[in-house]
Amino acid sequence: MAKSQSFLRTARVIISYGDVEAFEVTDLRIRFEVTKLKPSDGNTMKLTIYNLDPRAHPIAAKPRKVGTAWKYGRVKLFAGYESESGLLFLGDIKNVNTRRDGADIITDIYALDGGKATENAHMSQTFAAGASLLSQLDAGFASLAKADPTLAKAKYQLETITKFTNNVGSRSIFSDTRSFIDALAREYGFGWSIHNNTFRVSGHDDVFKSEAQAQVISKTTGMIGAPAITEKGATVKSLLLWDIAPDDPFRVESEYGTIKLGVDLFRNQTYKTLGEGYYKVLSVKHVGDTRGNTWFSNIEGIDIKNRLGV
C-alpha cells in the first residue's frame, strides 16, 4: 500500500520490445497522466519525457524487428516515493511524437493497457445450451491471450453474481472478443477491465480485498482538500497512490475523533470528514511531474455499504 506521507518522489520508465528491454529512463524529467476506468474502455497514459535523445533512444509505435520477429513497443511506468513505489502503468505504445519547445526536446508517448489484446482478438466459437458464465469468460480470455500471449488473468470475483448459466440454446459467436465480453457483462451483471496487462472480472457488488485491507485516505495519509459527494458515492483527491485501481476498496476517514471544544465543554463535539465511508474505485486518474509540484491521484468511488444496504 502506497505511503503517501513520503514526499521523496520517484519515477522510472522502461521501454521494451517483446522480452527485450530497450532502455530505462530515471534521471530525466518525466510527466504522466494515467487514466484507469472500470468499464472496458481501457486504461490510457500520456507520458512526456524531456530531453531524451531520439538518436540514442528511438521509440517506435510500429513493430520493431527483434531477432527474426517483429515486436510492438511496450512501456512500463514505475512511480511512487523513495520509501515505496511500484508499477503504475503497463501498456502498448500506440503513438509517439517528438517536438521541440525552446531548448527542450520533448517526447510524448501515448499508450493503451491491453490494447494489443482488445484490438486484435476475435472469436469464432459455439457454446452449448446452458453454457456457464465461467466457461464463456475462459473462452473470452483465451481469445484475448491468443492475440497477446503476455496477457495474465486475475482470479474472477463473482460472489455477488446470482446467474451463472444462460437461458438460451446453443449459440455461435462470430465477433470481436471485446464485444463478446461486453455482451456477457450486460447479461450477467459484472464489470471487466485489463489492468497492467491483467484481465480482471468482478461482479458490480464485489471487491478484490476486504474492508480491513482497504486503502485509507485521510488528511494524515495525504488527502488533498475535502471529498466531493456524488450521486454514486464520492470523489477524493490524494497525494499519488500508485497502487490503487478500479474495483479496489478504499476508506475515507476523519483526522479527528470526538473532542470537547468551545464554550460548551460538557458536550462532545464530533468533527468528521465530508464523505467519510467505505467505497469501491470506479475510476482513477494519476497525474505526476518529477520536476514540478504535480503528484496526485483523483479517485471516483461508489459507496459500497449504501449500495448493499449495510
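Being a predicted model, the structure only gives us computed values, none of them experimental.

Undergrad: Would you take a moment to explain helix α3 (residues 177-188) for this structure?
TA: For an α-helix, the turn length of 3.6 residues means that residues three or four places apart are oriented alike. Along its twelve residues, α3 runs 17 Å from first to last C-alpha, staying within 8% of the 16 Å computed at 1.5 Å per residue. Three or more residues of α3 are buried, namely T177, F180, I181, L184, A185 and Y188. The arc enclosing the buried residues of α3, seen along the axis, measures out at 140°, which places them on a common side. Downstream of α3 by one or two residues, G189 has phi in the positive range, about 85°.

Undergrad: I tried to follow the pairing of strand β1 (residues 9-17) on my own but got confused; where do I start?
TA: Consecutive residues of a regular strand have side chains that alternate between opposite faces of the sheet. Bridge analysis of β1 against strand β7 (residues 73-81) gives nine bridges, and the strand direction is antiparallel. Bridged to Y17 within β7 is G73. Where β1 lies against strand β2 (residues 20-25), five bridges are found, and the strand directions are antiparallel. Looking at β2, one finds that S16 is bridged to E21.

Undergrad: Please explain the packing of helix α2 (residues 133-147) against α3 as it appears in this structure.
TA: Describing two packed helices takes the angle between their axes plus the distance from one axis to the other. At a minimum axis distance of 10 Å, the contact between α2 and α3 shows a crossing angle of 160°. By the criterion of interaxial angle, the relationship of α2 to α3 is roughly antiparallel. Handedness of the α2/α3 crossing: left-handed. The segment α2 lies against α3, with L133, Q136, L137, G140, S143 and L144 engaging T177, F180, I181, L184 and Y188.

Undergrad: How should the sheet that holds strand β13 (residues 190-195) be read in this particular structure?
TA: As a general point, the strands of a sheet are linked pairwise by backbone hydrogen bonds and lie either parallel or antiparallel. The three strands lie next to each other as β11-β14-β13, forming an open sheet whose pairing is mixed. Bordering the open sheet on either side are β11 (152-153) and β13, each of which pairs with just one other strand. In the sheet, β13 pairs with strand β14 (residues 198-203) via six bridges, with the strands oriented antiparallel. Within β14, the residue paired with H195 across the bridge is T198. In the packing of α3 onto the sheet, the strands contacted are β13 and β14, and the crossing angle to β13 comes to about 145°.

Undergrad: Would you mind going over the packing of aromatic side chains with me for this structure?
TA: Within a pair of aromatic rings, the relevant descriptors are the distance that separates the centres and the angle that separates the planes. Counted by the stated rule, this structure contains six aromatic pairs. Where F32 meets W295, the ring centres are 5.4 Å apart and the plane angle is 70°; that geometry is what we call edge-to-face. Here W295 lies in strand β22 (residues 295-303) and F32 lies in strand β3 (residues 30-37), a separation of 263 residues in the sequence. For F32, a relative accessible area of 3% translates into the label buried. Residue class for W295 comes out buried when judged on its relative accessible area of 4%. Grouping aromatic residues by their ring pairs yields a cluster made of F141, Y156, W192 and F199. Against the face of Y50 rests R29, its NZ or CZ located 4.4 Å from the ring centre. K237 extends its terminal NZ or CZ atom over the ring of F296, reaching a point 4.2 Å from the ring centre.

Undergrad: Just checking my understanding: could you explain the pattern of salt bridges for this structure?
TA: Two side chains bearing opposite charge may form a pair once their charged atoms approach each other closely. A complete count under the given rule lists 15 salt bridges for this structure. Of the charged contacts, one joins K94 and E119 as a salt bridge, the two residues approaching to 2.7 Å between their closest N and O atoms. With K94 in strand β8 (residues 84-101) and E119 in helix α1 (residues 115-120), the pair connects residues that are 25 residues apart, well separated along the chain. Among the residues examined, K94 registers a relative accessible area of 38% and is labelled partly exposed. Here D138 ties to K153 by a salt bridge, and the two come within 3.2 Å at their closest N and O atoms. Taken together, the residues span a long stretch of sequence, with D138 in helix α2 and K153 in strand β11 at a distance of 15 residues. Among the charged side chains, a network of salt bridges with common partners joins R29, R31 and D289.

Undergrad: How should I be thinking about the environment of F174 in this particular structure?
TA: Structurally, F174 is set in strand β12 (residues 171-176). The exposure class of F174 is exposed, given its relative accessible area of 64%. Note: C-alpha distance between F174 and T126 (48 residues apart in sequence) is 8.9 Å. Every residue in contact with F174, bar those within four places of it in the chain, is listed here: M123 and S124.

Undergrad: Can you help me understand α2 in this one?
TA: If you check α2, its first and last C-alpha atoms are 22 Å apart, about what 15 residues at 1.5 Å a residue would give, namely 21 Å. If you check which residues of α2 are buried, you get L133, Q136, L137, A139, G140, F141, S143, L144, A145 and A147.

Undergrad: Is there a simple way to explain the environment of H204 in this structure?
TA: Locating H204 in the fold gives a position in the loop between β14 and β15 (215-217). Distance in space between the C-alpha atoms of H204 and G189 is 6.6 Å, their sequence separation being 15 residues.

Rules used in this analysis
- Residues numbered from 1 in each chain as written.
- Predicted model: local features only at pLDDT ≥ 70, side-chain atom pairs only at ≥ 80, totals over all residues.
- Heavy atoms only, no water.
- Helix = DSSP H or I, 4+ residues; strand = E, 2+ residues; numbered from the N terminus.
- Expected span 1.5 Å × (residues − 1).
- Buried < 20%, exposed > 50% of the residue type's maximum accessible area, 1.4 Å probe, protein only.
- Arc of directions from axis to C-beta.
- Pairing = 2+ DSSP bridges.
- Axes fitted to C-alpha atoms, helices over the stretch in contact; angles between N-to-C directions.
- Parallel < 35°, antiparallel > 145°, perpendicular 65-115°, else oblique.
- Left-handed = near helix turned anticlockwise from the far one by under 90°.
- Contact = heavy atoms within 4.5 Å.
- Phe/Tyr/Trp six-rings, centres within 6.5 Å; stacked < 30°, edge-to-face > 60°.
- Lys NZ or Arg CZ within 6 Å of the ring centre and 35° of its normal.
- Salt bridge = Lys/Arg side-chain N within 4 Å of Asp/Glu carboxyl O.

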